[in-house]
Structure formats: C-alpha cells, structure tokens
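# Analysis of the macromolecular model
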Amino acid sequence: LSTYVIKCKAAVLWEINKPLPIAPPKASEVRIKIVATGICLSDDHVISGTWHYPIPKILGHEAAGIVESVGKKVTPVKPGDKVIPFFTPCCRECKICKHPNGNLCSENDLSATRGTLPDGTTRFTCQGKPIHHFLGTSMFTEYHTVVDEISLAKIDSSAPLGKVCLVGCGFSTSYGSAVKVAKVTPGSTCVVFGLGGVGLSVIMGCKSAGASRIIGVNINKDKFAKAEELGATECIDPQNYKKPIQDVLVEMTEDGVDFSFEVIGCLDTMVSLWSLCHCGCPPSGQKLSFNPMMLLTGRTWKGATFGGFKSKDNVSKLVSAVIAKKFKLINEGFDMLHSGER
Ligand SMILES: NC(=O)c1ccc[n+]([C@@H]2O[C@H](COP(=O)([O-])OP(=O)(O)OC[C@H]3O[C@@H](n4cnc5c(N)ncnc54)[C@H](O)[C@@H]3O)[C@@H](O)[C@H]2O)c1
Ligand SMILES: *[C@@H]1O[C@H](CO)[C@@H](O)[C@H](O)[C@H]1NC(C)=O
Ligand SMILES: [Zn+2]
Ligand SMILES: [Zn+2]
C-alpha cells in the first residue's frame, strides 16, 4: 500500500499549442538554433540552490549552434554560420578586456547575477512573465539569443557540434586552468581531485604541458579507466584509505605535489587539499576560511573562470585544435551527471 508523495521533475505543458516565444534579436543580437549542449555541474549548483541566481530561468551555458537570424547591425555572422556562445563575454572595451590577462569582462553576468542579457532584459517569456537567462546564455532550449560582438564566436564550418560544444565551458575551463592559469611545468607532479568532465580535461592539459606524474582522485572508480586513457598515470579512491587523502598523497609523492586541482567544487576538499590548488566553482552561498600559515609557507592559490581564456580570442582557435585532433572531447550528458555515475 503506497501512502506517500514522491517528487519528480517533469516537462509541464502550460498552454495548448504554445511553444515558448523567443523575441526577435535586437539590432546587435543574434538568434541561434542550439544544436548540441553539454551539462556542467555549475548548472546543478543553481538547481540545488547553492548558487543563488534569479528564477524562473533556463539553465545551460555550454553549447554550439547555428545562427538562425540576426539584428540589423550585425555584420560578423550570418544565418547558417556555426557558432559557440560565451558565458564570459569579451567587449574589448572595459578595463578587464584591455588587460592582457583579464577574461572576466565587466559585461559578464557571473558577478552581477541579474539573469538578463547585458541590456537588462530577457528574450524569453512564459505565461506572460519574463524567464531569466543564465550567465547571458541559456542553452537548454531550442533557440537562444545573444549579443553578437561580445558573446559568440564563429567556428569552423566542419566542426562537429556535438563535441565542440564542450569548448563553451568544460574543456576550455579545465585545459586553460592547467596550461594558462596554473602553468603546469614539464616534469612536474600533478594531482586532480574530481574526474568529471572538468577533471578529465585538466588531465589532458597537465599531460600536454609535460607533467610526468598525474594522479587522479575520485570516489567513483568507474572514472579511472577514462582518466588513465587521457593521461593520468595512476588513480586512487580516498575511500580505500584510513588516513586523510592529503596524507596519502604526501606519502605517495614523498614530499607533496607541484600542482593540485580541485575540480569537484566542494569547500571541504578545497581547504583540506590546499596543501596540494583549485579550479572548481565554490557554490556562492558558502564561504571559505583557512589558516594564513598556508600562504606564509610558500603556497599560492589560484582560481579562474573559463580557464583564464579570453573567449573571443580563443574559442574558434580551440575548436580548430579539436578538429585537428589535438584534443579528444567526451560529452557524457545529464544521464551520467545525475545517475550517480559520477
Ligand atoms: N571556474 C569555472 O569556470 C568552472 C567551469 C565549469 C565547471 N566548474 C566547476 O567545476 C566542478 C566540476 O564540474 P564537472 O562538470 O566536472 O562535475 P562532475 O560532477 O562531472 O565531476 C565531479 C567529480 O567529483 C567526484 N567527487 C565528488 N566528491 C568527491 C570527493 N569527496 N573526493 C573525490 N572525488 C569526488 C565525483 O564522483 C565526480 O566524478 C563543479 O564544481 C563546477 O561548478 C567551474
Ligand atoms: C589565445 O589567444 C591569444 C591572443 O589572441 C593567443 O596569443 C593564444 O595563442 C591563444 N591560445 C589558444 C590556445 O588559442
Ligand atoms: Zn560550466
Ligand atoms: Zn569587457
């Protein structure tokens, strides 16, 4: 006898024969048909409420698509072009864009979390109410609108969209974190905590930078084979040890590692494993605290968005590198992210 209520997610039909209207692109905007989208744990941080962001909203920030129509002032792209939209725009005019290493353009919605396009409005409505965008993007939809000059890159017409959509977040974030932000050095020892989409690409970055030892750490052993195929020299599961994992790693490496990457997004691991770096997204509702001796004893701690890459300068180049088979991209999807196969 069943007497309890269960909860589930569902696609709700609100009105008969009324798909979601998407306003036409404004003068400098582009409307894109989304062909492929990836799923990043950052989307899930909003669903779980650990990242505060206005709702109702359409999530998704990692995609590739084809231009459907353009506003009257748009020149660089035309209908039919393959493009990747950015969650970190690149206006080229603000102080940050003008800085050679700055990539968090002041037009970004990551810090402001308004849930709109830069002009403060949204292009989606449902039942007459505006639906918020996510990071100036919103890819879990059939069509999406962005500002042309600052928020998208035209990519090679031969690009396989199902794979290169990962250049829109996961791959660039993690590969850049290794080669551009941490600047992994040849012969170094690296440890990567978390072997999801982001962690696997960090491994590719460490390998291409010439690291000689790359240790993967994950609580799900099913991730080990893929990690080793992509360049991890060994993988360990913290649950197999009685000692704290940082002590295990110090022993394994005699004196600790040169670079450590936290790509789980968990505050506990960020702090306790600092003796070892970080590039995950701490959910914004939480704060970190640490012992300043960690700094005085010579460690540095870096974080970055989008791997420190300037979206406008680098996305099409990274796509070309993928086409040239310099990188192997794997798009696993929601089923794996949510089915416990993480
Ligand atoms: N800074 C940025 O620009 C940026 C961009 C993309 C993603 N992120 C962040 O990177 C993180 C990873 O994203 P993802 O999509 O790869 O996630 P994911 O869920 O696919 O991967 C995380 C992995 O960590 C493992 N894990 C969980 N707890 C663990 C523990 N205590 N010890 C060891 N392993 C553990 C899980 O088994 C999983 O395989 C997220 O927090 C995401 O928000 C940041
Ligand atoms: C990123 O863009 C800069 C500036 O255009 C360029 O010097 C660099 O080589 C690019 N890196 C990649 C990996 O595309
Ligand atoms: Zn992401
Ligand atoms: Zn800017």
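What comes next concerns the included structure. Predicted, not measured: the structure shown is a model, and the values here were computed from it.

## Overview of helix α6 (residues 197–208)
For α6, built from twelve residues, the straight-helix expectation of 16 Å at 1.5 Å per residue is met to within 8% by its first-to-last C-alpha distance of 17 Å. Of the surrounding elements, those touching the buried residues of α6 are α5 (170–181), β8 (189–193), β9 (213–217), α7 (224–230) and β11 (259–262). Note on α6: the residue one or two positions beyond its end, G210, has a positive phi of about 95°.

## Details of the sheet that holds β8
Judged by pairing direction, the sheet is parallel, and its four strands sit side by side in the order β10-β9-β8-β11 without closing on themselves. For this open sheet the edge positions go to β10 (234–236) and β11, each flanked by a neighbour on one side alone. Averaged over neighbouring strand pairs, the angle between their axes works out to 20° when direction is ignored. Inspection of the sheet shows β8 paired to β11 by four bridges, in the parallel sense. Note on β11: the bridge partner recorded for V192 is F261. Running at roughly 170° to β8, α6 makes contact with β8, β9 and β11 of the sheet.

## Examining the sheet that holds strand β1 (residues 29–37)
The five strands are arranged β6-β1-β2-β3-β7 in an open sheet whose pairing can be described as antiparallel. Only two strands of the sheet have a single partner each, and these edge strands are β6 (143–147) and β7 (152–154). Averaged over all pairs of adjacent strands, the angle between strand axes in this sheet comes to 45°, irrespective of strand direction. Taken together, the three bridges between strand β3 (residues 82–85) and β7 define a ladder with antiparallel strand orientation. Residue pairing in the sheet places P85 in a bridge with L152 of β7. Set on the sheet, helix α11 (residues 311–323) makes contact with β3 and β7; between it and β7 the angle comes to about 40°.

## With respect to the coordination of the zinc ion (ligand 3)
Protein coordination at the zinc ion (ligand 3) comes from C40 (SG), H61 (NE2) and C169 (SG), with a distance range of 2.0 to 2.4 Å. Of note, the zinc ion (ligand 3) draws all its donor residues from one chain, in the sequence arrangement C-x20-H-x107-C. You can see H61 sitting in the loop between α1 (41–47) and β2 (63–70) and its partner C169 sitting in the loop between α4 (161–164) and α5, a full 108 residues away along the chain. For H61, a relative accessible area of 1% puts it in the buried group.

## Overview of the side chain of T116
Of note, T116 is situated in the loop between α2 (95–98) and β4 (124–126). T116 gets classed as buried once you look at its relative accessible area, which sits at 10%. Here T116 is in contact with D109, T121, T122, H133 and G136, once residues within four sequence places are set aside.

## Focus on the site of ligand 2
Near ligand 2 the following residues occur: D313, N314 and K317. A distance of 2.6 Å is found between an oxygen atom of ligand 2 and a side-chain nitrogen or oxygen belonging to N314. The contact in question runs from an oxygen atom of ligand 2 to an N or O atom on the side chain of K317, over 3.1 Å. Considering ligand 2 on its own, with 360 Å² of exposed area, one finds that the protein chains cover 46% of that surface.

Rules used in this analysis
Residues numbered from 1 in each chain as written. Chains lettered and ligands numbered in written order. Predicted model: local features only at pLDDT ≥ 70, side-chain atom pairs only at ≥ 80, totals over all residues. Heavy atoms only, no water. Helix = DSSP H or I, 4+ residues; strand = E, 2+ residues; numbered from the N terminus. Expected span 1.5 Å × (residues − 1). Contact = heavy atoms within 4.5 Å. Pairing = 2+ DSSP bridges. Axes fitted to C-alpha atoms, helices over the stretch in contact; angles between N-to-C directions. Donors = N, O, S within 2.8 Å, 3.2 Å for Na, K, Ca; no water. Buried < 20%, exposed > 50% of the residue type's maximum accessible area, 1.4 Å probe, protein only. Near = heavy atom within 4 Å. Polar contact = N/O pair within 3.5 Å; in protein donor to acceptor, adjacent residues only side chain to side chain. Areas by Shrake-Rupley, 256 points an atom, 1.4 Å probe, with all protein chains shown as cover.

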